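Structural features, examined
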Amino acid sequence: MKIRIIGAGLAGCEAAYYLAKKGYEIELYEMRPKKMTPAHKTDKFAELVCSNSLRSDSLENACGILKKEMEQFDSLIIKAARLHAVEAGGALAVDREGYSSYVTKIIQSFSNIHLVLDEVSNLDLSIPTIIATGPLTSDSFCQYIRDLFGCDDFYFFDAQAPIIYADSIDYSKVYLKSRYDKGIASYYNCPFTKEEFDLFYEALISAEGVEVKDFELKVFEGCMPIEIMAQRGAQTLTFGPMKPVGLKTPSGEKPYAVVQLRQDDAAKSMYNIVGFQTHLKFDEQKRVFQMIPGLEHARFAKYGRMHKNTYINAPKILNPTYQTKEYPNLFFAGQISGVEGYVESAASGIVAAVNMDRYLKQLPLIVFPSTTIMGSMAKYICNANPDDFQPMNANFGILDDLDFKHKKKERKGLYAKRALEDIEKVVTSL
């Protein structure tokens, strides 16, 4: 039986991988490189267009638990990330090139995955289909989806942080350290004095940004441009992305503020300026960010950018199985479905694939338990207020509460234990 998957991003590749192993004939559509997006730079599958970090790997964090849940389904995305991990303390960050090349190679190795490198602008609704076109879905296909479901144009903006070349960092001014010396010291830290920070802050809030032509600028909080964040006040930075707590200098002094640099490739030739998503003009980025101690002569491998992300109104359109309410043959997955984040997108691809398989076998679809991160995400996007629906990252706030007495300090560990036990039950039932 043939299944059509639209989009070879994280969710599309995860879905194609799962269903190809089940023996289905897969038509995997990807419009790149024939038609590029404003953010993609390569023709590789599952390209990471913003950060190279898949966030925390700790079971004290919802995203860390989510990775463990996905690994019980033999997740291609998490496997690729672990094989191409770079030093990032407690986070799972990857060498972008190695990671996406590996995913592309694995997908192309399946004889029953047939690649179609072309843009899709409409659907044959008689063919079982998973739409996983991501937040950068083409305008023509967005219009088709709006017309198909009679929905409004939902979107937000997010931004990318700049990447600098390692050999342009002044290592006499920065120091390698992890916060509170926990784990491997993987981040270079650029320390500010109060005077240096004040000058930097004034330059940042007065810098010129790129004009946004859309009537309403909706920005996702998790990718808030540093200059917009700074407008809320200096403490928004010193208590946020520039927080110095636990990052004393080698001489034992506490900086007034710190900018962290995270390895961006396996060769350690490039570093990401952590938390510095931006929409400043390129020459302004160079001027302002070279005021960061240690980056006075920084050369930019890639400047920060802002781009528009599209997503559907999931509470109106989807069941918690990622199947559409109106068309049983049609599923959504990835950021276009209303989940937010690399790992969350890939996880939704697994859930959609599991349920597409069951749908085609005429078995009951599985609503993943909301005691798991995978299930709680599906529950959130399908039960949120449809009048003000906003994407959301995996977090403990959308999990079911623990139904027994426990100590607060044990809560996260208990969430993790319950989630992994319950996801194992799902895997066993398949």
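What comes next is a walk through the structure. Everything numeric in this text was worked out from a predicted model, so none of it was measured. (Residues numbered from 1 in each chain as written. Predicted model: local features only at pLDDT ≥ 70, side-chain atom pairs only at ≥ 80, totals over all residues. Heavy atoms only, no water.)

Brief notes about the overall build of the protein
Scanning the protein from N- to C-terminus turns up 13 helices and 16 strands. Since a compact globule built from 430 residues should have a radius of gyration of about 22 Å, the 22 Å found for the protein is in line with a globular shape. Viewed in the frame of its principal axes, the protein has a C-alpha envelope of about 65 × 50 × 45 Å. Buried positions account for 58% of the 430 residues belonging to the protein. Excluding contacts between residues fewer than 6 apart, the proportion of contacts in the protein whose partners are at least 24 apart in sequence is 70%. A total of about 18,200 Å² of accessible surface is found on the protein, and carbon and sulfur atoms cover 52% of it. Mean positive and mean negative side-chain charge positions of the protein (51 and 54 charges, respectively) differ by 4 Å. (Helix = DSSP H or I, 4+ residues; strand = E, 2+ residues; numbered from the N terminus. Rg over C-alpha atoms; globule rule 2.2 N^0.38 Å. Buried < 20%, exposed > 50% of the residue type's maximum accessible area, 1.4 Å probe, protein only. Contact = heavy atoms within 4.5 Å. Areas by Shrake-Rupley, 256 points an atom, 1.4 Å probe, with all protein chains shown as cover. Lys, Arg positive; Asp, Glu negative; His and termini not counted. Charge placed at Lys NZ, Arg CZ, Asp CG, Glu CD.)

Describing the pattern of salt bridges
With the rule as written, the count across this model stands at 26 salt bridges. For the salt bridge of D400 with K379, the shortest nitrogen-to-oxygen distance reads 3.5 Å. Linking D400 in the loop between α12 (373-383) and α13 (411-429) with K379 in helix α12, this pair joins segments that are 21 residues apart in sequence. Note that K425 is salt-bridged to D422, the shortest N-O span being 3.6 Å. Highlighted residues: K425 and D422, both in helix α13, separated by three residues, approximately one helical turn. One salt-bridge network, held together by shared partners, links D57, K68, E71 and R82. (Salt bridge = Lys/Arg side-chain N within 4 Å of Asp/Glu carboxyl O.)

Some points on the nonpolar core
If you look at the biggest cluster of nonpolar residues, it comprises 100 residues, and the most contacted ones within it are L19, I26, L54, V103 and I107. V174, A230, V288 and F300 belong to the second-largest nonpolar core, a separate cluster that totals 32 residues. (Core = buried A, V, L, I, M, F, W, Y, C linked by side-chain atoms within 4.5 Å.)

A short note on the packing of helix α1 (residues 10-21) against helix α11 (residues 342-360)
Following both chains from N to C, one finds α1 and α11 inclined at 35°, their axes separated by 7 Å at the closest point. When you trace α1 past α11, the crossing you get is right-handed. Residues L10, A11, E14, A15, Y18 and L19 of α1 touch α11, and the partners they reach there are Y342, S345, A346, S348, G349, I350, A353, V354, M356 and D357. Here the residues of the contact of α1 with α11 are counted per class, giving eleven nonpolar, three polar and two charged. (Axes fitted to C-alpha atoms, helices over the stretch in contact; angles between N-to-C directions. Left-handed = near helix turned anticlockwise from the far one by under 90°. Nonpolar A, V, L, I, M, F, W, Y, C, P; charged D, E, K, R; others polar.)

Structural notes on the sheet that holds strand β5 (residues 91-94)
Overall, antiparallel pairing links the three strands, which are arranged β3-β5-β4 in an open sheet. For this open sheet the edge positions go to β3 (53-56) and β4 (85-86), each flanked by a neighbour on one side alone. The pairing of β3 with β5 spans two bridges and is classified as antiparallel. Within β5, the position partnered with S53 by the bridge is A93. (Pairing = 2+ DSSP bridges.)

Digging into the packing of aromatic side chains
Tallied over the full model, the rule gives 19 aromatic pairs. With a centroid separation of 5.9 Å and 85° between ring planes, the pair formed by Y17 and F110 is classed as edge-to-face. Here Y17, found in helix α1, pairs with F110, found in the loop between α4 (96-108) and β6 (113-116); they are 93 residues apart in sequence, far enough to count as distant. Taken together, a centroid distance of 6.4 Å and an interplanar angle of 80° make the contact between F192 and F197 edge-to-face. Cluster of aromatic residues (ring-pair linked, three or more members): F192, F197, F200, Y201, Y256, F276 and F289. (Phe/Tyr/Trp six-rings, centres within 6.5 Å; stacked < 30°, edge-to-face > 60°.)

Section: the sheet that holds strand β12 (residues 257-263)
The six strands are arranged β10-β11-β12-β13-β9-β14 in an open sheet whose pairing can be described as antiparallel. Where the open sheet ends on each side, the last strands, each with one partner, are β10 (175-177) and β14 (300-302). Geometrically, the sheet is characterised by an average inter-axis angle of 40° between neighbouring strands, direction not taken into account. Where strand β9 (residues 163-165) lies against β14, two bridges are found, and the strand directions are antiparallel.

Points about the environment of A347
Mapped onto the secondary structure, A347 falls in helix α11. What makes A347 buried here is its relative accessible area of 0%. Not counting residues within four places of it along the chain, the set of residues in contact with A347 comprises L66, M70, M374 and M377.

Re the pairing of strand β2 (residues 25-29)
Within β2, four of the five residues are buried, leaving the element largely enclosed by the surrounding structure. Across five bridges, strand β1 (residues 2-6) lies against β2 in parallel orientation. Pairing of I3 across the sheet is with I26, part of β2. With α1 bridging β1 and the parallel β2, this β-α-β connection has right-handed handedness. Relative to β6, β2 is paired through four bridges, and the arrangement is parallel. (Right-handed = clockwise from strand over helix to strand, strands pointing away.)

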